[in-house]
Amino acid sequence: MPTAVAVTSPELVLPSPDRHTPPAAILQSAEPGERGGSLDRTLAEIHTLVEQHGHVLVVHPAAAPPALVHRLHAARAALETDRLALVGVDLPPLGTALLALQLRQLSICDFSPGVLASAARLLAHYLHAGAVLGSVARLDQVPVGLKAHAKSWLPGSQFAVLARPEPQLVRLSGDQDPGLKAPGFPTRLVVAEGGLPAERVTGALARAWHVREVTPTKLPAASADWWGTSKLTEFAAAIPDISVLYQLVSSVRREECHWCGLELIGDRCAFCAAPLPPPGERGRRALPATRPAPGRLRGREPAPALARTAPAAAGRALPAARDPRLAPALDTGAAPPGAPQTPAGPTGGPATGVHALRPAQREAPADWGPHRPYEDPHQPPPPPRSRNPRP
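Residues numbered from 1 in each chain as written. Predicted model: local features only at pLDDT ≥ 70, side-chain atom pairs only at ≥ 80, totals over all residues. Heavy atoms only, no water.

## Things to note about the overall build of the protein
Consideration 1: Within the protein one finds eight helices and twelve strands.
Consideration 2: The contacts of the protein with a sequence gap of at least 6 include a subset with a gap of at least 24, amounting to 68%.
Consideration 3: Per element, the accessible surface of the protein, about 23,400 Å² overall, is 55% carbon and sulfur. (Helix = DSSP H or I, 4+ residues; strand = E, 2+ residues; numbered from the N terminus. Contact = heavy atoms within 4.5 Å. Areas by Shrake-Rupley, 256 points an atom, 1.4 Å probe, with all protein chains shown as cover.)

## Description of the confidence of the model for the protein
Consideration 1: On average, residues of the protein score 78 in pLDDT, and 70% of them reach the 70 mark or higher.
Consideration 2: Looking across the protein, the model is least confident in helix 5 (residues 146-151), with a mean pLDDT of 76, and most confident in helix 3 (residues 93-106), with 97.
Consideration 3: pLDDT under 50 marks residues 285-340. Its contacts with residues more than four places away, or in other chains, come to 51 contacts.
Consideration 4: When the criterion is pLDDT under 50, residues 351-374 qualifies, and its contacts beyond four places in sequence or with other chains add up to 15 contacts. (pLDDT = per-residue confidence, 0-100.)

## So, the packing of aromatic side chains
Consideration 1: Evaluation of the coordinates by the stated rule reveals four aromatic pairs.
Consideration 2: Geometrically, the ring pair formed by Trp-226 and Trp-227 is edge-to-face, given 4.7 Å between the ring centres and 65° between the ring planes. The pair Trp-226 / Trp-227 is uniform in exposure class, with both members buried. (Phe/Tyr/Trp six-rings, centres within 6.5 Å; stacked < 30°, edge-to-face > 60°. Buried < 20%, exposed > 50% of the residue type's maximum accessible area, 1.4 Å probe, protein only.)

## What to know about the sheet that holds strand 1 (residues 4-7)
Consideration 1: The strand order across the open sheet formed by four strands is 2-1-3-4, and the pairing between neighbours is parallel. For this open sheet the edge positions go to strand 2 (25-26) and strand 4 (84-89), each flanked by a neighbour on one side alone.
Consideration 2: Pairing geometry for strand 1 and strand 3 (residues 56-61), over four bridges, is parallel. Paired with Ala-6 across the bridge in strand 3 is Val-58. (Pairing = 2+ DSSP bridges.)

## Observations concerning the packing of helix 3 against helix 4 (residues 113-124)
Consideration 1: One way to put it is that helix 3 packs onto helix 4 with a least axis distance of 10 Å and a crossing angle of 135°. What the angle tells us is that helix 3 and helix 4 run oblique. In the crossing of helix 3 with helix 4, the sense of the turn from one axis to the other is right-handed. Residues Leu-99, Gln-102, Leu-103 and Leu-106 of helix 3 pack against Leu-116, Ala-120, Leu-123 and Ala-124 of helix 4.
Consideration 2: A per-class count over the contact of helix 3 with helix 4 returns seven nonpolar, one polar and no charged. (Axes fitted to C-alpha atoms, helices over the stretch in contact; angles between N-to-C directions. Parallel < 35°, antiparallel > 145°, perpendicular 65-115°, else oblique. Left-handed = near helix turned anticlockwise from the far one by under 90°. Nonpolar A, V, L, I, M, F, W, Y, C, P; charged D, E, K, R; others polar.)

## Some points on the sheet that holds strand 9 (residues 213-217)
Consideration 1: Taken together, six strands build an open sheet; the order of strands is 7-6-5-10-8-9 and the sheet is mixed. Of all strands in the sheet, those bounded by a partner on one side alone are strand 7 (168-171) and strand 9. Across this sheet, the average inter-strand angle for adjacent strands is 20°, counted without regard to direction.
Consideration 2: Relative to strand 10 (residues 232-238), strand 5 (residues 128-133) runs antiparallel, the two being bridged by six bridges. If you follow Gly-130 over to strand 10, its bridge partner there is Phe-235.
Consideration 3: Sheet strands touched by helix 3: strand 8 (188-193), strand 9 and strand 10. Its angle to strand 10, the strand with the most contacts, is close to 30°.

## A few points about the side chain of Thr-81
Consideration 1: Here Thr-81 is to be found in the loop between helix 2 (66-79) and strand 4.
Consideration 2: At 3.1 Å, the side chain of Thr-81 forms a polar contact with the backbone nitrogen of Arg-83. (Polar contact = N/O pair within 3.5 Å; in protein donor to acceptor, adjacent residues only side chain to side chain.)

## Looking at the pattern of salt bridges
Consideration 1: Under the defined criterion, the tally for this structure stands at five salt bridges.
Consideration 2: With a closest N to O distance of 3.2 Å, Asp-90 and Arg-164 form a salt bridge. One end of the pair, Asp-90, is in the loop between strand 4 and helix 3; the other, Arg-164, is in strand 6 (residues 159-164), with 74 residues separating them in the sequence.
Consideration 3: In this structure Arg-164 comes out as buried when scored by relative accessible area, which is 15%.
Consideration 4: With its nearest N and O atoms 3.6 Å apart, the salt bridge here joins Lys-181 to Glu-166. Taken together, the residues Lys-181 in the loop between strand 7 and strand 8 and Glu-166 in the loop between strand 6 and strand 7 connect sequence positions 15 residues apart. (Salt bridge = Lys/Arg side-chain N within 4 Å of Asp/Glu carboxyl O.)

## Examining the environment of Val-252
Consideration 1: Note on placement: Val-252 falls in the loop between helix 8 (242-250) and strand 11 (255-256).
Consideration 2: Spatially, the C-alpha atom of Val-252 lies 6.6 Å from that of Ile-265, the residues being 13 residues apart in sequence.
Consideration 3: Contacts of Val-252, omitting those with residues within four sequence positions, involve Leu-122 and Ile-265.

In structure tokens, the structure reads:
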């Protein structure tokens, strides 16, 4: 079974361009209203997807409600699974849906789950998302100048805005080309018409961008909040050919995550969020690919193990613990810092175990005699007393 690609809303699902692309899994518990908002349902849905597909990618907007994002992270922590990746996408709603479609197309290829989840950041750089707006007065996703903000209050004003990959804002006049920076490769344009007609996007913009195909779709409900107005026409352009997407992802160098062992591209694992080590340490694996031992905390290095009894190590200073809180985990035979010299064991090295409990032999002071002061060395010892006293 291919890796499952799940979304948090049915509005983020675009129709498959062919019969080979698998459908997207929709988390019903993530929808607002009476059906959503339940952690139990989220746990049940994600557990079912993990059991069926092995690995699951949940694509959600970065501007999603915090309660939804917290519930997804709580479900991942409750299931204690490392086969769930939460991919937050900082794109407009229509661009997020188009990115989820590209991940669904690549899920049937021979990419591992780690590479597929890491490819979301790579594909987002080749995705152009924008809109034609009737006002930019409440637009906070793209920098808006004072002059454009003032002209947005004029009746009939329209603006062409490109949010990704580089922000751009142009005031429209007439039917000419908006002048937005075009992609340098053939694209497929997805258009969602809102309160403004889509002729300017499907006509002048599509010709200037050399678009191969224009696909109309329904405007997501979250687009009005993202763009700050309900009078808009949203569009998104991306690479349509799956062979080009495959070549793009496969040409990037792959690394192995030092924490979970999955393959990845880029500088961070999408499943465990572990960053890629520096180039000088990428050849060494800090942790095994399997899960850590029970009780071991992730992200904390254990105290260095102290050497056991060895003749060659006699008199050698023992390494100190890096973290004082980890001191109880050290060997019981080790001497604390500042303590007197460790007594020698039977083999000549530092004493451990029972030998470490014996007090160290100290030299007697010069004024101490071999006997107590009230004892005479020339007198025989007194006879022992009887245990049964006389009546």
